[in-house]
Amino acid sequence: MTVTDRSLELISTAAQAAADKLAHDVIAYDVSDVLSITDAFLLASAPNDRQVKSIVDEIEERLMKELGAKPVRREGDREARWVLLDYVDIVVHVQHSEERVFYALERLWKDCPEIELPADAKATRGKAQEHAKLRAEEEAAEFGEPR
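A short note on the overall build of the protein chain
Piece 1. A tally of regular secondary structure across the protein chain gives 6 helices and 5 strands.
Piece 2. Going residue by residue from the N terminus, the α and β elements of the protein chain occur as α-β-β-α-β-β-β-α-α-α-α.
Piece 3. Here the protein chain has roughly 8,500 Å² of accessible surface; of this, 50% comes from carbon and sulfur atoms.

Digging into the pairing of strand 2 (residues 40–46)
Piece 1. Taken across its 7 residues, strand 2 has 7 buried, putting it largely inside the fold.
Piece 2. Both faces of strand 2 are covered, namely the face carrying Ala-40, Leu-42, Ala-44 and Ala-46 and the face carrying Phe-41, Leu-43 and Ser-45.
Piece 3. In this structure, strand 1 (residues 24–30) lies alongside strand 2, joined through 5 bridges in antiparallel fashion. Residue pairing for strand 2: Asp-30 is matched across the bridge by Ala-40.
Piece 4. One ladder, built from 7 bridges, connects strand 2 with strand 5 (residues 90–96); its direction is parallel. The residue bridging Phe-41 from the neighbouring strand is Val-91, located in strand 5.

What counts, and where the lines are drawn
- Residues numbered from 1 in each chain as written.
- Predicted model: local features only at pLDDT ≥ 70, side-chain atom pairs only at ≥ 80, totals over all residues.
- Heavy atoms only, no water.
- Helix = DSSP H or I, 4+ residues; strand = E, 2+ residues; numbered from the N terminus.
- Areas by Shrake-Rupley, 256 points an atom, 1.4 Å probe, with all protein chains shown as cover.
- Buried < 20%, exposed > 50% of the residue type's maximum accessible area, 1.4 Å probe, protein only.
- Pairing = 2+ DSSP bridges.

By themselves, these observations are geometric and do not establish any function.
Have a look at this one:
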């Protein structure tokens, strides 16, 4: 089995929405050969809970407005550490950066084919590392530590 055109359309729109809200490390996998419950996963992360919520809201709004798609399930909203949007055809995971590192979903799905994403979404790769480095430098400067 392979990912459907509808799933690709959903993934592309969701990835662009995530990138527009400054998500980090947006990536998508075709999981249709290993899972019967969905075609694809989209993963994105953000450095704080507020931004996680903002990304999730933008994805949900964009998919509804542009493609008429509404999630059948939305989980993790209250804590905003890992929010899951289930559209049946695709599942979107937006995680706080710490959860992204801890759960390492990319390792679980690394054998699945990566789905081509819009240029803006691809440009988010490595942003989490950049953000963490800048934050560490800021904290070191704040506490007077040498770099």
